[in-house]
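Overview (structure and organization)
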There are 2 protein chains.
Amino acid sequence: MSDAPTRSGDDGSGRQSIWTRPERGSRGPVPAHSRDAIVEAAIALADAEGLPAVSMRAIATALGTGAGSLYRYLSSRDDLLDLMTDRVVGELRPYPPAEGDWLDGMLLLARRQLALHRRHPWLIEVSHRPSAVGPESLAWFDNCLRILEPVACAVTAKFEAIAMVTGVVSLFARSAAAAGSFSFAGADLAAYPHLVAAFSQPPAPAPRADLFERTLRGLLTGLLVADPTEAG
Amino acid sequence: MSDAPTRSGDDGSGRQSIWTRPERGSRGPVPAHSRDAIVEAAIALADAEGLPAVSMRAIATALGTGAGSLYRYLSSRDDLLDLMTDRVVGELRPYPPAEGDWLDGMLLLARRQLALHRRHPWLIEVSHRPSAVGPESLAWFDNCLRILEPVACAVTAKFEAIAMVTGVVSLFARSAAAAGSFSFAGADLAAYPHLVAAFSQPPAPAPRADLFERTLRGLLTGLLVADPTEAG
DNA sequence: TGTAAACTACAAACGGCGTTCGCAGTTCAG
DNA sequence: CTGAACTGCGAACGCCGTTTGTAGTTTACA
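Keep in mind the model is a prediction, meaning the values are calculated, not measured.

The next thing to look at is the overall build of chain A. Of regular secondary structure, chain A possesses 9 helices and 0 strands. For chain A, the sequential pattern of α-helices and β-strands runs α-α-α-α-α-α-α-α-α. Here chain A holds 232 residues, and the buried ones make up 41% of them. Within chain A, residue pairs in contact and separated by at least 24 positions form 72% of the contacts whose partners lie at least 6 positions apart. Looking at chain A as shown, the accessible area adds up to about 11,800 Å², and 57% of this sits on carbon and sulfur atoms.

Looking now at the packing of aromatic side chains. According to the stated counting rule, one finds 6 aromatic pairs over all chains in the structure shown. Here A:Phe172 and A:Phe212 contribute two aromatic rings whose centre-to-centre distance is 5.0 Å and whose plane-to-plane angle is 75°, an arrangement assigned as edge-to-face. With a gap of 40 residues between them, A:Phe172 in helix H7 (residues 155-177) and A:Phe212 in helix H9 (residues 211-224) connect regions that are remote in the sequence. For the residue pair A:Phe172 and A:Phe212, the accessibility class agrees, reading buried in each case. Taken together, the ring pairs in this structure connect A:Phe141, A:Phe159 and B:Phe199 into an aromatic cluster.

A residue is classified by how much of its surface remains accessible, and B:Phe172, at 13% relative accessible area, is buried. Not counting residues up to four positions away in its chain, the partners in contact with B:Phe172 are A:Met164, B:Leu114, B:Leu211, B:Phe212 and B:Thr215.

Take the protein's contact with DNA strand D next. Around DNA strand D lies a shell of 26 residues, among which A:Thr65, A:Tyr73, B:Arg57, B:Tyr71 and B:Arg77 are the nearest. Among the atoms of DNA strand D close to the protein, meaning within 4 Å, 57% are from sugar or phosphate groups. In the environment of DNA strand D, a phosphate oxygen lies 2.8 Å from a nitrogen or oxygen atom belonging to the backbone of A:Ala32. Contact distances for DNA strand D include 3.2 Å between a phosphate oxygen and a side-chain N or O atom of B:Ser55.

Per the UniProt record, "DNA-binding region" (unreviewed entry) is annotated on residues 55-74 of chain A. A distance of 13 Å separates the end C-alpha atoms of residues 55-74 of chain A, which is 40% helix and 0% strand.

Here we come to the pattern of salt bridges. Going through the model one piece at a time under the given rule, you end up with 18 salt bridges over all chains. With a shortest N-O distance of 3.6 Å, B:Arg87 and B:Glu40 are connected by a salt bridge. Taken together, the positions of B:Arg87 in helix H3 (residues 77-89) and B:Glu40 in helix H1 (residues 35-49) put the pair 47 residues apart, joining distant regions of the chain. By relative accessible area, B:Glu40 is classed as partly exposed at 46%. The residue B:Asp78 makes a salt bridge to B:Arg129 at a minimum N-O spacing of 3.8 Å. Here B:Arg129 lies in the loop between helix H5 (122-127) and helix H6 (135-147) and B:Asp78 lies in helix H3, a separation of 51 residues in the sequence. On the accessibility criterion, B:Asp78 (36% relative accessible area) is partly exposed. Taking relative accessible area as the criterion, B:Arg129 reaches 15% and is therefore assigned buried. Among the ionic contacts, a cluster of salt bridges with common partners joins A:Asp104, A:Arg111, A:Glu213 and A:Arg217.

Here helix H9 (residues 211-224) of chain B spans 20 Å end to end across 14 residues, near enough to the 20 Å set by a 1.5 Å rise per residue. Summarising burial for H9(B): 10 of the 14 residues are buried, a large majority. Of the positions making up H9(B), those classed as buried are B:Leu211, B:Phe212, B:Glu213, B:Arg214, B:Thr215, B:Leu216, B:Leu219, B:Leu220, B:Leu223 and B:Leu224. Buried residues in H9(B) make contact with H7 and H9 of chain A together with helix H4 (102-119) and helix H7 (155-177) of chain B.

Bringing the side chain of A:Asn143 into the picture now. All names here are of chain A. In this structure, Asn143 sits in helix H6 (residues 135-147). A distance of 2.6 Å separates polar atoms of two side chains, one belonging to Asn143 and the other to Arg146. Here Asn143 is in contact with Tyr95 and Leu109, once residues within four sequence places are set aside.

Taken together, the neighbourhood of DNA strand C is formed by 27 residues, with A:Arg57, A:Tyr71, A:Arg77, B:Ala32 and B:Thr65 sitting nearest. The protein-proximal atoms of DNA strand C, defined as those within 4 Å of the protein, are 59% sugar or phosphate. Residue A:Ser55 places a side-chain N or O atom 3.4 Å away from a phosphate oxygen belonging to DNA strand C. Contacts to DNA strand C include B:Tyr73, whose side-chain N or O atom sits 3.0 Å from a phosphate oxygen. Tallied by class, the residues present in the surface near DNA strand C amount to 9 nonpolar, 10 polar and 8 charged.

What counts, and at which threshold
Residues numbered from 1 in each chain as written. Chains lettered and ligands numbered in written order. Predicted model: local features only at pLDDT ≥ 70, side-chain atom pairs only at ≥ 80, totals over all residues. Heavy atoms only, no water. Helix = DSSP H or I, 4+ residues; strand = E, 2+ residues; numbered from the N terminus. Buried < 20%, exposed > 50% of the residue type's maximum accessible area, 1.4 Å probe, protein only. Contact = heavy atoms within 4.5 Å. Areas by Shrake-Rupley, 256 points an atom, 1.4 Å probe, with all protein chains shown as cover. Phe/Tyr/Trp six-rings, centres within 6.5 Å; stacked < 30°, edge-to-face > 60°. Near = heavy atom within 4 Å. Polar contact = N/O pair within 3.5 Å; in protein donor to acceptor, adjacent residues only side chain to side chain. UniProt positions renumbered as here; feature names shortened; annotations may be inferred. Salt bridge = Lys/Arg side-chain N within 4 Å of Asp/Glu carboxyl O. Expected span 1.5 Å × (residues − 1). Nonpolar A, V, L, I, M, F, W, Y, C, P; charged D, E, K, R; others polar.

Structure below.
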């Protein structure tokens, strides 16, 4: 909506994004900390105690300084979250060589992305917020395009497909994190006949094998090797 | 993970969920406000100014009272968000009669859900948080099961399918809300050859017709009318 | 009917948050 | 050498969700 604030290298207010602003000037004492150290401490904190525990004061305490001092290195907590995200996206490297089927290649990338979410559960909470795309995220995106190179279709379709794959990955990551986190106790189940019918059935024999892969395979073939009869 | 806190009618600490706790007792003056009025004010605020504007103080001001007074009707802000969510889910009623193909029925429901997200953009931010399932959400779920009744497969698969549909809906809602909200300015694009190649191509002739529907159709058939050769 | 318990409203306060500001000390450009 | 640009730091600001204390009101029950 509105005038598209497009967080980029230089927004209207003259402020620079975290990706283009230099870490420090040439004068003054050598800083006691660094952007990297702060990001590292924040990630460690998020991995260990979850995203809500990542407060400026907590990070500063972990680094042995005050909360206000962090603003010598960052301009806001949002910038820090962007840096954290891009840094862990870097863990997706090294990217495998483009060999074999492009579909298998995309599935491999998706599985790696899912593993990344397992390593850093806070990624789910952080990725839903409009963020500035960092260099590692761009590299990942670029690599997806590389794998999709043999596919003959419009770039728009590829963009859509990549976005959908990322979305489905976060979907699975979210459902894995929220597994069994609620129940129906206390509700008047009598009002929901199909629900009680479903629960009165014998439990499923076993979870279907690799719902993740089947979903993505269906999605990608559906989006990229489209039925030519409905070319719009 | 851990001991599954299962937010339900009565959690371990003896506190009752917002769905089972009575709104008021029998003694004392008649309350000046009501749970419904608070929820309504909160939804109006969220629709107009976004979820961050929904602070206890703002709601209280809108109702002409103090922030602390709201705790006579709610036990926490999280409870309020649960109530808000369930209330707008009620807007999905009335549910259409189960006629025609189940796939078409599910697609209709999904489209309605997407429209709901368009009406209440804050739903995206609120639904990613582990929440207590309210009666309207249960009714919606029950209705999905009703539509899927003619499908002959395990209930587990139906649950998975419903969850995936909801997830894909929120995916599309999110991408619609974030459309064009970032750019690559300031980045050294030379390091991303496939990205620049993609952008140097002529723009797509036109967006593919109804990516939403095609995605869901592929997903549902893939998940529910599974290939019998790989029955697990 | 009298009284105590249960309920109401409300303002003030608590602790935490992200962030800003002023101050004192340090380093380097001109 | 001087002054500008930087550094760390602690106090403060204005928000937030929530708790608490006080005072007034209504109902249940002896």
